[in-house]
Amino acid sequence: MTGLPWHAEALAQLLARRERMPHALLVSGREGIGKAEFARSLARSLLCETPEAGLACGRCAACGWFAQGNHPDYREVIPEAAEEGDDESAADGGKEAGKKSLVIKIDQVRALAELVSLSTHRAGWRVVVIRPAEALQPAAANALLKTLEEPPPSTAIVLVGDRPTRLLPTIRSRCQTIALGPPGAAEAEAWLAGRGVKDPALALALAGGAPLLAAALAEPEERDWRNKVVAELSRPDGAHALAFATGFDRARLDRTLAWMQSWVHDLVRLKTAGEVRHHRDARTALAAKARRARLDSLLSLERELVQARRLAAHPLNARLVVEHLLMAYNRATLG
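Presented here is a report on the structure given in the accompanying data block. (Residues numbered from 1 in each chain as written. Predicted model: local features only at pLDDT ≥ 70, side-chain atom pairs only at ≥ 80, totals over all residues. Heavy atoms only, no water.)

**Re the overall build of the chain**
On a plain count of helices and strands, the chain comes out with 16 helices and 5 strands. Taking 335 residues into account, the globule formula puts the C-alpha radius of gyration at 20 Å, and the chain, at 22 Å, falls close to it. Put simply, the chain has 335 residues, and 50% of those count as buried. Look at the contacts in the chain between residues 6 or more apart in sequence, and 74% of them connect residues 24 or more apart. Working note: accessible area of the chain is about 15,600 Å², and carbon and sulfur atoms make up 52% of it. Side chains of the chain give 45 positive and 40 negative charges; the mean places of these two sets differ by 4 Å. (Helix = DSSP H or I, 4+ residues; strand = E, 2+ residues; numbered from the N terminus. Rg over C-alpha atoms; globule rule 2.2 N^0.38 Å. Buried < 20%, exposed > 50% of the residue type's maximum accessible area, 1.4 Å probe, protein only. Contact = heavy atoms within 4.5 Å. Areas by Shrake-Rupley, 256 points an atom, 1.4 Å probe, with all protein chains shown as cover. Lys, Arg positive; Asp, Glu negative; His and termini not counted. Charge placed at Lys NZ, Arg CZ, Asp CG, Glu CD.)

**Quick notes on the layout of surface pockets**
Its boundaries defined by the atoms lining it, the second largest pocket holds a volume of some 620 Å³. In this structure, the second largest pocket is lined by 23 residues; those nearest its centre are Glu31, Arg163, Ala258, Gln261 and Arg309. When residues of the lining of the second largest pocket are traced back to their parent elements, those giving at least two are helix H10 (211-217), helix H13 (253-273) and helix H15 (295-310). Element by element, the count of residues in the lining of the second largest pocket is highest for H13, at 6 residues. Split into classes, the residues belonging to the lining of the second largest pocket amount to 8 nonpolar, 5 polar and 10 charged. (1 Å grid on protein atoms, 1.4 Å probe; cavity = no way out; pocket = protein on both sides within 12 Å on 5 of 7 lines; lining within 4 Å. Points joined across faces, edges and corners; volume = space filled by probe spheres on them. Nonpolar A, V, L, I, M, F, W, Y, C, P; charged D, E, K, R; others polar.)

**Topic: the sheet that holds strand S2 (residues 74-77)**
Taken together, the 5 strands give an open sheet; going across it, the order is S2-S3-S4-S1-S5, and neighbouring strands pair in parallel fashion. Each end of this open sheet is capped by a strand with a single partner; those strands are S2 and strand S5 (176-179). Looking at each pair of strands side by side, their axes are set apart by 20° on average, direction ignored. Sheet topology places strand S1 (residues 24-28) next to S5; 4 bridges connect them, and they run parallel. Residue pairing for S5: leucine 25 is matched across the bridge by glutamine 176. The sheet contacts of helix H2 (residues 35-47) involve S1, S2, strand S3 (126-130), strand S4 (155-161) and S5, and relative to S4 the element is tilted by about 170°. Against the sheet, helix H5 (residues 106-116) makes contact with S2, S3 and S4, and its axis sits at roughly 170° relative to S3, the strand it touches most. (Pairing = 2+ DSSP bridges. Axes fitted to C-alpha atoms, helices over the stretch in contact; angles between N-to-C directions.)

**As for the state of the cysteines**
Enumeration over the complete set of coordinates arrives at 0 disulfides. Unpaired in terms of disulfides, cysteine 63 finds its nearest cysteine sulfur in cysteine 60, a separation of 3.6 Å. (Disulfide = S-S within 2.5 Å.)

**Looking at H5**
For H5, the complete set of buried residues consists of Val109, Leu112, Leu115 and Val116. Each buried residue of H5 lies within a common arc of 110° when the element is viewed along its axis, so the set occupies one face. Facing away from the buried surface of H5 by more than 90 degrees, the exposed residues are Asp107 and Glu114. (Arc of directions from axis to C-beta.)

**Some words on the pattern of salt bridges**
Evaluation of the coordinates by the stated rule reveals 18 salt bridges. Between glutamate 221 and arginine 252 there is a salt bridge; the shortest N-O distance is 3.2 Å. With glutamate 221 in helix H11 (residues 220-234) and arginine 252 in the loop between helix H12 (241-245) and H13, this pair connects stretches of sequence that are 31 residues apart. With relative accessibility at 19%, the residue arginine 252 sits in the buried group. One salt-bridge network, held together by shared partners, links Glu37, Arg40, Arg44, Glu76 and Arg131. (Salt bridge = Lys/Arg side-chain N within 4 Å of Asp/Glu carboxyl O.)

Right, dumping it as structure tokens:
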């Protein structure tokens, strides 16, 4: 059974159609709600040799291999930079990660095509999870399309993504979409508290209601980086763009842009509705910034941050990106 209770019903409904399982699934939803865990739970249950009510028994040989990470009929295809981590919501960290590919390459998909052309080892299901699906390079996406057009028997290909609209329409059309949502706030906060997260309500607010992302962002390294970004954005005289961006680690780019995005979103909400959604512990600093900020400039900056995050996985000069956006932030908030 899935370790995330808020997805149990969706998993059970899907597994009830075990004999009519689609050959391709697209598991979509917001970042940090447990899509990768859902895909693994589905795989675990399909590969189980003695399922109970459709779910993995946890005791058979197949469940044991899956738990050890060496089931011969299960594969995960992920970018090289994500191989050291294990969760969709974990922020990239370390200089080594920054040197690895942030995309899924065509060679990885070609190897997958070779794998699914073979018979399964246990004469049962084979399951392949590809995540995040939007990290597929164009050539890799086209190569995957060939496999989806001629699906091998007893094979389930599960694509997991936060932004399915970035996938080729031809890929989306060949997948059955499973749209997952976040749990209610009370359930999510209880789940976070059970994992030792301090102030789960704030952690959940910072993550926009996504509990796995909240747990990841509550880790000391992530918490410290958020504090550093917020301190920079809170400066009364404006962010020191050149100093902050000097020696900037590209692996931190997406998370930095995410913090800027949620901060600017809070400024817009303060200007328009008088409330803060994410950075509730920094309301005083936000209010001071909002008083001088221009709404039209904030809205323009929001759009620019969205575009910057779309490009964060590409080989950009992270220092220049951060410099430019912090300067744009100063222009929007210094009146």
